[in-house]
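Close look at the chain arrangement
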Amino acid sequence: MSRRPLLVFRPAGKYFGHLNLEVMQAAATARRNDAWLYLVEPPNLPNRTCFDLVMPGVRRLPSCRLLDRVLNWYADRDLLRQEQAHLAEQQLSRDPDRRLQQRLRRKIGLPVDGEWLEKEYRLRIALRIRGLQCKQRRLARRKERLMAARSKARTAARTGGGRDKDKAAKAESVERKDELRQVRHELKRVEQLLAEHQGEFAKVCREHPLDPSRFWTWPLHQWRIRRRERQEQAPARHARMLVAGQGESYYRRRLVAETQPMHLRKADEQRLAALAERLGIPPDARIVALHIREPGYKSGNKSAAILPDGTVVLPRNESTRNNTVDNYLPAIRYLTEAGYTVVRLGDRFMTPLSLPSVVDIATNPESVPALDYYCIARSVFFLASDSGPMIIPFMTGTPMLLVNATHIAVNWPIGPADLLVPKYVCEAESGRFLSLEETCGRHHLDHFRADALYDYIELTPEDLLAGVREMERRLQSPGPPGRTELQARYRKAVVQWMDQPNAPNYFRKWAADGGFIGNGDLAQFVVERDAEGGGWRPLERSGEAPAEARRGSPMAISECDDDGAGCP
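In this text the structure is predicted, and so the values were computed from the model without any measurement.

Rules used throughout
- Residues numbered from 1 in each chain as written.
- Predicted model: local features only at pLDDT ≥ 70, side-chain atom pairs only at ≥ 80, totals over all residues.
- Heavy atoms only, no water.
- Helix = DSSP H or I, 4+ residues; strand = E, 2+ residues; numbered from the N terminus.
- Buried < 20%, exposed > 50% of the residue type's maximum accessible area, 1.4 Å probe, protein only.
- Contact = heavy atoms within 4.5 Å.
- Axes fitted to C-alpha atoms, helices over the stretch in contact; angles between N-to-C directions.
- Parallel < 35°, antiparallel > 145°, perpendicular 65-115°, else oblique.
- Nonpolar A, V, L, I, M, F, W, Y, C, P; charged D, E, K, R; others polar.
- Patch = residues over 30% accessible without salt bridge, like charges linked within 9 Å, V, L, I, M, F, W, Y side chains within 5 Å.
- Areas by Shrake-Rupley, 256 points an atom, 1.4 Å probe, with all protein chains shown as cover.
- Salt bridge = Lys/Arg side-chain N within 4 Å of Asp/Glu carboxyl O.
- Pairing = 2+ DSSP bridges.
- Lys, Arg positive; Asp, Glu negative; His and termini not counted.
- Charge placed at Lys NZ, Arg CZ, Asp CG, Glu CD.

The next subject is the overall build of the chain. Across its full length, the chain holds 19 helices and 14 strands. For the chain, buried positions account for 45% of its 568 residues. Taking all contacts inside the chain whose residues are at least 6 apart in sequence as the whole, residues at least 24 apart take part in 69%.

Between helix 9 (residues 266-279) and helix 11 (residues 370-378), the least distance of the axes is 10 Å, while the angle of their chain directions is 85°. One finds that helix 9 runs roughly perpendicular with respect to helix 11. The segment helix 9 lies against helix 11, with Glu 269, Leu 272, Ala 273, Leu 275, Ala 276 and Leu 279 engaging Ala 370, Leu 371 and Tyr 374. Looking at the contact of helix 9 with helix 11 residue by residue, the class counts come to eight nonpolar, no polar and one charged.

This part takes up a nonpolar patch on the surface. A contiguous nonpolar surface patch, about 330 Å² in accessible area, is contributed by Leu 6, Val 8, Trp 36 and Leu 61. Position of Leu 6 relative to the elements: it lies in strand 1 (residues 6-9). Exposure remark for Leu 6: the relative accessible area of 49% places this residue in the partly exposed category.

Taken in spatial order, the seven strands line up as 8-7-4-9-10-11-14 in an open sheet, and their pairing is parallel. With one partner strand each, in any of the chains shown, strand 8 (358-360) and strand 14 (521-522) form the two edges of the open sheet. Note: strand 7 (residues 340-345) against strand 8, three bridges, orientation parallel. Opposite Arg 344, over in strand 8, you have Asp 360 as the bridge partner. Taken strand by strand, helix 10 (residues 329-337) contacts strand 4 (286-291), strand 7, strand 8 and strand 9 (379-384), and its axis lies near 140° from that of strand 7.

Another aspect to go through is the environment of Glu 366. Summarising the element assignment, Glu 366 is placed in the loop between strand 8 and helix 11. A relative accessible area of 46% places Glu 366 in the partly exposed class. C-alpha of Glu 366 to C-alpha of Ala 276: the two residues are 90 residues apart in sequence and 9.9 Å apart in space. Discounting residues that sit within four places of it in the chain, Glu 366 has contacts with Leu 275, Arg 278 and Leu 279.

Take Asp 463: it is sitting in helix 15 (residues 461-476). Assessed through its relative accessible area of 5%, Asp 463 is described here as buried. The residues contacting Asp 463, other than those within four sequence positions of it, are Tyr 424, Phe 525, Arg 529, Trp 536 and Pro 538.

A separate point is the sheet that holds strand 1. As summarised here, the arrangement of the three strands in space is 1-2-3, forming an open sheet in which the pairing is parallel. Strand pairing shows two members of the sheet lacking a second neighbour, strand 1 and strand 3 (59-60), which therefore form its edges. The pairing of strand 2 (residues 36-39) with strand 3 spans two bridges and is classified as parallel. Along strand 3, the bridge assignment pairs Trp 36 with Arg 59. Packing of helix 1 (residues 16-32) onto the sheet brings it into contact with strand 1 and strand 2, and relative to strand 1 it is tilted by some 175°.

A cluster of basic residues, Arg 99, Arg 103, Arg 106, Lys 107, Lys 203 and Arg 206, forms a positive patch on the protein surface. Contributing elements (two or more residues each) for the positive patch: helix 3 (97-107) and helix 6 (201-207). For the positive patch, the element with the most residues is helix 3, which contributes four residues. Here Lys 203 lies in helix 6.

So, on to the pattern of salt bridges. The final tally for this structure, using the stated rule, is 32 salt bridges. A salt bridge links Asp 360 to Arg 344, with the shortest nitrogen-to-oxygen separation between them at 3.2 Å. Taken as a pair, Asp 360 in strand 8 and Arg 344 in strand 7 lie far apart in primary sequence, 16 residues in all. Of the two residues, Asp 360 and Arg 344, both sit in the buried class. For the salt bridge of Asp 463 with Arg 529, the shortest nitrogen-to-oxygen distance reads 2.9 Å. One end of the pair, Asp 463, is in helix 15; the other, Arg 529, is in helix 18 (residues 524-531), and 66 residues separate them in sequence.

Right under this line is the structure:
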């Protein structure tokens, strides 16, 4: 009987989106490898509902609070050690003497990371110098005693005192002379050794080498090497827990794509259904869940950085992901007039939304965090923005229309029915709108969300409404969601655009995963307008592109063939 592996996983609990994504990826990994899954619940979660979801095809071990506390303590201790080691490494990397120390260790035959061996080497040299100094003092005192004894014997031999006494004095004088010669020779040798050991450390090590394998710290150094090797070999040992063709990105899109829809437990679903009806959501209503990212949950700038080639990367401004409710009003009215009940999700700090057939559970004090999952699972589709809740539809299998995304590669949807409508990006200085290809260019990637260089403009009400209408047509069409030729070309081209050597870490973390970007598509009206030339830009009220946006050449994407060959 073969034993099944056990996957013990603790997700990052600081941010809502990361929490849901990591739980979903852990469940997909356990399912793929037919492993038992134990989810460790970290403290201070923003929303713990994902731990109560039923995960089809996953063998889960029941949670234990005591075990969670032990595992959290162990993980936090390990993270603290890693953080301290990382800080120490950063301090050493800024130290100009570090390279000199490494060069010195190479000269004296020590490993580059053998700082403990070097310290013991210096200690042994210092102890040897101390021993030579003590021996020098002993020989100097002995020399003085011998010289005094020889002088006394010579004086006795000159003064005389009988033949026998003269003969004995002369013999003693000769004996003292030979002994004194030996002491002087030894003293000279010790003084020479002392002078050699008090010179440059590297020269001393070359002239009087020591065997590091006999050092006291040698076993400790070997233990560090073995520990480092185990850490380096850990990914190889767990390679079978990865998907075939899986890249090294944090956002493992292939795992997300194969996730089976999760659902709430029956008791939780009944409780939340009663709460939803009490808040104004009928049991038979056709729901469209809505989330509009606003300031309050996560804002501020990331710190600036310097790339290895010397490029200064401006800080990312998280507020570029925010949106205003007013631009969504035409799309909301269209949905409510079509018979949908729009359920607005979010946090209690958001702008209140009071419209007919709109239920604002974000600002309702009676709402509970699990109600967001319930409403998204019941929705015909989820109208999402560039924020954490956009991960929930991947868990529940709900189609998603993602609007106001700040980058197409980072936010490319996974589900086959999903659509993406990105924000307009224009240069802050010239006001020129970037094409979708230019948003994947190296300059924009290096300065992503840097509001000093680029403006991230919200979608107009007209384009938001166009996105909702296209999503509705996509879901109402018979059969699986279709993909036009132009949408297919853009989907393949995005992977090619993002295939850049030494891309910024953020995009290696969130963009294409081993050549897989997702099963969703850009909205048709987006690719059509971008392919016309002048970039992805808003339309004027008359339907024409703004004058400054019309300047530019048509996109090369329109000349791609079916398999993506010839794409820039």
